[in-house]
Amino acid sequence: MSKTMLEVKGLTTKYITRFHEDVYAVDHVSLKIEEGKSLGIAGESGCGKSTLALSLMGYYFPPLHYQSGDIIIDGKNISGMKPDDVRKNVLGTEIAYIPQAAMNALNPTRKIYKFIEDVVKAHDPKQDEKTILEMAKSRFTELGLPLDSLDKHAVELSGGMKQRVVIAISTILKPKVLIADEPSSALDVTSQKMVIKMLRDMMDRGFIKSMIFITHELPLLYNVTDNIMVMYAGQIVERGSAKEMVFDPIHPYSRGLMKSILVPEEGMREHKLAAIPGTPPNLKKPPQGCRFAERCKYAVPSCRFNSLPMIEFEGERGYRCGHSVQHLREVYQHEE
Amino acid sequence: MRNEDISSRPLCLSGRGVTKIFTTGKTRTVAVDHVDFEFHEGELISIVGESGSGKTTLSKMLLGLLNITEGEILFQGQPRDISNMHKRREYWRGIQAIFQDPFSSFNVFNKIDTVLLDCINMRGGKRLPMEKKIEMMTEACSFVNLKFAELTNKYPFELSGGQMQRLMIARIFLLKPKILLADEPTSMIDACSRATILDMLLQLRDEVGMTIIFITHDIGLAYYISDSVYIMEHGKFVESGSADDVILNPKAAYTKRLISDVPKIYEPWDLNTVAQ
Amino acid sequence: MKNTLRQVFHSGKFVAGFCIFAFILLMMIIYPLINPGNPLERIGVGTFAKPGTYVSLYDTVDTETETFKLADADDKRLAKILSDSDRVSMVEWLTQAEVDLTGVSMNDTEKLLDLWHANYDDSIRLKGMTKAQRNYYVRLNNSLNNASKADTLTVTDVDPDTNEVVEKTKIQKTDYVNVGDVANTKTLPLGTDNFGRDVLKELVSACGTSIMIGLIAGLVATFIGLLLGLLAGYLGGVADDIIMFITNIFTVIPSFVLLILISYSLGQDQRGATTVAIVIGLTSWVWTTRSVRSQVISLRNRDHVNLSKLSGHSLMRIIMTDILPYIASYVVMAFILQVSSGILAEAQLSLLGLGPKTTEVPTLGLMMNWAMLYSAHLNGSWWAYFPVILTIAGISFSMNLMNTGLDQVFNPTLRD
């Protein structure tokens, strides 16, 4: 059994709105990533997947607030640390974060190697500039990024190149966990593929030890990650390996998601797309029972009242539903 | 649902050498470069292209919102004439659109009734009694699974993205144009609501018999929904044909690259073929 | 709409600004009701009467009196008669005469007078004192003696038949009249100005005129700016180029210089309040045009405008229903600023003597101009100009506050 890189236990974070209402965007989320593995988080917009990414860093600023739970990175608990300590000791070395618009984060007046100097010096001010440049050069070579981009300004690079450069900069200190929040959604498909290839390379070469990949594009998630978790209304509703999740989803919501996949492959035209009616619940007043019950066509009255725990089955898999796995599988089979 | 004999049907919209050049100062940008196309009645056409390929510019030219620099567009076999307001209104009775962002497609100061009433008026139903109008609006709303009674006196922004896009379809249902141009109608809404929207579009086509021009960057979606596909790169159509031909047996290098770069489910996705 | 209004009135800044402005407006409405009449009526013959209540001296003579025996009446009277310079002179004389002044303060009227009466003698000739000074002390002594000695004051009149002087009445020191019984009293809270006009009445009326000038200037500027901005932004192309060319020309010419030149060339006779307002409006539309244009350009390509076009709406209808409502909040804010700057521009112009024709209506700027021309600031008549400055500041402050408040409501990036 390999080493656990990141373990999250019952993490709950909330937004406090202008009107002093609490919105629990991440509600008792637990997850575990082992060394060399990647975890995908899927869900619709507003389900809390981006908030989860922010929360995992342990770096909270209003309106996001920490409520409860533990974030353990390689045996070190970072929950409850002061923001300044998190910035100095966790970000960059333990966790790196790449948002969707990361490529727009580069100050257009500075050259690329200056950013690398900044990152390294923020953690070790004594580092020699020459060593840093050497380190940057060797890293860029290994990742297949052109070396002359180090001496360029951000505006001189294309969108896809900028995104890859930002990823290279933020992982220069070999973080243990990389959180990538839709890192390729704003790019065209070719640049997207290049970003994904670079992420894979970084995993293979050990520049990052584990990765959390967040996206709403399920085919991408299937190809990038080892395990997938599906989030709905702030909760994890199902988890499992990528293959199991795509071809054998158990939770009605994940099944709906997986049935909405469209890829340009033979036979896709005959697929029946699944539609889920309705809208996700308002997280200011989440429903008492199963949060999906309102939209679920398999829901029975008790679904609306019984609060559900995560139920483990078939080893590592888990789901959050009132029906048994057996029952759901039978229902699905009957439908087809 | 899939029409096999489409090429024998009469032409609905076609273009010859349609070109758009933007001139700012001394720089000339060719956005759409001599494209030819033939859209048949009742056909569902997808125009697939990445951002910057000129597909939005082309769609605006098709709608008559943007002047054509060169070439001509034929509407139902006749050269399109939109030289004055009256003729333009006439043309717009035949072609309508659904836009990408439902949140910016509606005037936030107009109530939903206003939006729908406007469509009835445009179809010449201005003089109809109010009961008849309400009946028509109720029918349109029920077609898209919305309840008209709940929508009266509401503003569009009080709805969710998916509901707003459905309201957009209700609008098309009332207008019943010959051609519907759908510019990425599902790219801003959730995957779960996407199927609903697509189903409604297909149903609308079967019921009203309209031609749908579907503009998208998602090649998987284009393959799923369309009869024929036009692939656009740098303002040109690099490949066109029936969906099965283009997607399953791509000939142009660009199409091949596009298809190989999209993540797959059933076939392995080869990361090593990335163009450096 | 209702929601927006509620939000607007939740903004502290807007409410504060609104309250100040509403107070000024209320004053403008209520004050003329309780004190009607022509605000430019000259009630005083002299210039710059102090603020305070004036009692008709003539009428007090005939008013029924009451007798009060007040212990400190004499002292108060004497203290009023003795000016500060008189006191200094008295102390000077006493020091010269080598009188012991220890423990006597200048303000202690009673002790000072005791010492004076005990020691003063006009026959004593002090060293280094001129004749004029000596005479001054004699006069001072006499007036002090009169004030403390005489018990009654006799008022006489000339009999028109006999041409003889006859005693009309005697006024005792202990006679008091009730101010309410006096037929003619006049309260001037802010005194009079250089022409002897009631400053407060003038100020209230000037406030109204200035706000009207600001409103007209703001309306003219906003209308021109909005029209040109909408046309330039929505039509684009050649129309945009021409309008922006004109706008740029107006941008580089300082508008205040232009304002001075136009006002000067109009001549004094042509400049009524409305003319000045229109001239101010005509020189200050530039920024509204520029900002409306940029807003319209970003709106023009939005899908709801495209949808409206596809619905066959006319250009006019698209501008009125799809463009204007979106920029309305912005235009309202620009309008408020234009009004405030119009009021300031009028004040600046009038101060330079280029404002509306004098003697017709008072404006805040004209009041400042009059005060300056008659050196109110040099002779200490603060009431002629200071309240005017405060009012101008109050109006523009309240308007800027309202503007900032509105900005916070309408501009989501400024919300907290």
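Counting starts from 1 at the beginning of each chain's written sequence and moves along it residue by residue. All chains are assigned letters beginning at A, and all ligands numbers beginning at 1, according to the order in which they are written. Local features are withheld for residues below a pLDDT of 70 in this predicted model, meaning they are given only at 70 or higher, and side-chain atom pairs are given and counted only at 80 or more; totals for whole chains, interfaces and linings count all residues. Hydrogens and waters are ignored; side-chain quantities use all the structure's heavy atoms.

1. Considering the overall build of chain C
Then step 1. What counts as a helix is a DSSP run of H or I of at least four residues, what counts as a strand is a run of E of at least two, and both are numbered from the N terminus. When you go through chain C residue by residue, the secondary structure sums to 16 helices and 6 strands.
Then step 2. At 33 Å, chain C has a C-alpha radius of gyration far larger than the 22 Å of a compact globule built from 416 residues.
Then step 3. Each principal axis of the C-alpha distribution contributes one length, and for chain C these read about 110 × 55 × 50 Å.
Then step 4. Burial classes: relative accessible area under 20% of the type maximum marks a residue as buried, over 50% as exposed, and values in between as partly exposed (1.4 Å probe, protein chains only). Scored against the burial criterion, the 416 residues of chain C give a buried share of 39%.
Then step 5. Contact definition: two residues touch when any of their heavy atoms are within 4.5 Å. Considering only contacts in chain C between residues 6 or more positions apart, those separated by 24 or more positions represent 73%. Only the C-alpha atoms count toward the radius of gyration. The rule for a globule is 2.2 Å times the residue count to the power 0.38.

2. Here's the deal with the environment of A:Q288
Residues and elements named next belong to chain A.
Then step 1. On the secondary structure map, Q288 appears in the loop between α9 (252-258) and β11 (311-313).
Then step 2. Judged by its relative accessible area of 59%, Q288 is exposed.
Then step 3. Considered as a pair, Q288 and C303 are 15 residues apart in the sequence and their alpha carbons are 9.3 Å apart.
Then step 4. In contact with Q288, other than residues within four places in its own chain, are R304, F305 and S307.

3. Thoughts on unusual backbone geometry
Then step 1. For the bond running from A:P62 to A:P63, omega is 5°, close enough to zero to count as cis.
Then step 2. Position of A:P63 among the secondary structure elements: in the loop between α1 (49-56) and β4 (64-73).
Then step 3. A positive phi angle, near 50°, is found at A:H28, a position not held by glycine.
Then step 4. Checked against the element boundaries, A:H28 lands in strand β2 (residues 22-34).
Then step 5. Notably, B:H34 is not glycine yet its phi reads approximately 45°, a positive angle.
Then step 6. Along the chain, B:H34 turns up in strand β2 (residues 27-40).

4. Looking at the domain arrangement of chain C
Then step 1. For the domain bounds, the source is a domain assignment made automatically or taken from a database. You can read the domains of chain C as domain 1 (2-44 + 193-414) and domain 2 (57-183).
Then step 2. Placing a centre on the C-alpha atoms of domain 1 of chain C and another on those of domain 2 of chain C gives a separation of 57 Å.

5. Some details on the sheet that holds strand β1 (residues 11-24) of chain B
All names here are of chain B.
Then step 1. For two strands to be treated as a pair, DSSP must find no fewer than two bridges joining them. Spatial ordering of the open sheet is given by β2-β1-β4-β5, a layout of 4 strands whose pairing is antiparallel. If you trace the sheet from one side to the other, it starts and ends with β2 and β5 (78-79), each paired once.
Then step 2. Relative to strand β4 (residues 70-75), β1 is paired through 5 bridges, and the arrangement is antiparallel. Looking across to β4, one finds that R16 is bridged to E72.
Then step 3. Angles run from 0 to 180 degrees between N-to-C directions of axes, and those axes are lines fitted to C-alpha atoms, restricted for helices to the stretch in contact. In this fold helix α1 (residues 55-63) packs onto β1, β2 and β4, with an angle of close to 60° to the strand it touches most, β2.

6. Here's the deal with the side chain of A:R291
Residue and element names in this part refer to chain A.
Then step 1. Looking at the element boundaries, R291 is found in the loop between α9 and β11.
Then step 2. For R291, the side chain forms a polar contact with the main-chain oxygen of A233, separated by 2.7 Å.
Then step 3. Those residues in contact with R291 that lie beyond four places of it in its chain are D27, Y232, A233, Q235, P281, L283 and P286. Here a polar contact means two N or O atoms within 3.5 Å. Within protein one must be a hydrogen donor candidate and the other an acceptor candidate, and residues neighboring in sequence count only if both atoms are side-chain atoms.

7. Regarding the pattern of salt bridges
Then step 1. Here a salt bridge means any side-chain nitrogen of Lys or Arg lying within 4 Å of a carboxyl oxygen belonging to Asp or Glu. In this structure the tally under the stated criterion is 40 salt bridges over all chains.
Then step 2. A:D151 serves as the salt-bridge partner of A:K111, at 3.8 Å between the closest nitrogen and oxygen. Remark: A:D151 occurs in the loop between α4 (129-142) and α5 (159-170) and A:K111 occurs in the loop between β6 (95-98) and α3 (112-123); sequence separation between them is 40 residues.
Then step 3. Classification of A:K111 by relative accessible area gives partly exposed; the value is 30%.
Then step 4. Taking the relative accessible area as the measure of exposure, A:D151 reaches 47% and is therefore partly exposed.
Then step 5. C:E167 is the salt-bridge partner of C:K170, the closest N and O atoms lying 3.2 Å from each other.
Then step 6. Given the relative accessible area of 40%, C:K170 is considered partly exposed.

8. With respect to the nonpolar core
Then step 1. The term nonpolar core refers to a set of buried residues drawn from Ala, Val, Leu, Ile, Met, Phe, Trp, Tyr and Cys, joined through side-chain atoms within 4.5 Å. Judged by nonpolar contacts, the single largest core of 168 residues is most densely connected at B:F37, B:L58 and B:I213.
Then step 2. If you tally residues by element for this core, the top one is helix α7 (residues 161-175) of chain B, at 9 residues.
Then step 3. Contact partners of B:I213, with chain neighbours within four places excluded, come to B:L13, B:F39, B:I45, B:I47, B:L62, B:I179, B:L180, B:L181 and B:A182.
Then step 4. Counting 36 residues, the second largest nonpolar core, distinct from the first, contains C:L200, C:I336, C:L364 and C:I392.

9. Considerations on the sheet that holds strand β9 (residues 228-233) of chain B
Residue and element names in this part refer to chain B.
Then step 1. If you walk across this open sheet you meet the 6 strands as β6-β7-β8-β3-β9-β10, and the pairing is mixed. Looking at which strands have only one partner, the edges of the open sheet turn out to be β6 (95-98) and β10 (236-242). Neighbouring strand axes in the sheet, compared pairwise and without regard to direction, differ in orientation by 20° on average.
Then step 2. Strand direction decides the pairing type here: strand β7 (residues 179-183) and strand β8 (residues 211-216), joined by 5 bridges, are parallel. Of the residues in β8, the one forming a bridge with L180 is I212.

10. Details of the environment of C:V339
Then step 1. Counting through the fold element by element, C:V339 comes out in helix α14 (residues 315-351).
Then step 2. Taking the C-alpha atoms as reference points, C:V339 and C:G237, separated by 102 residues in sequence, lie 32 Å from one another.

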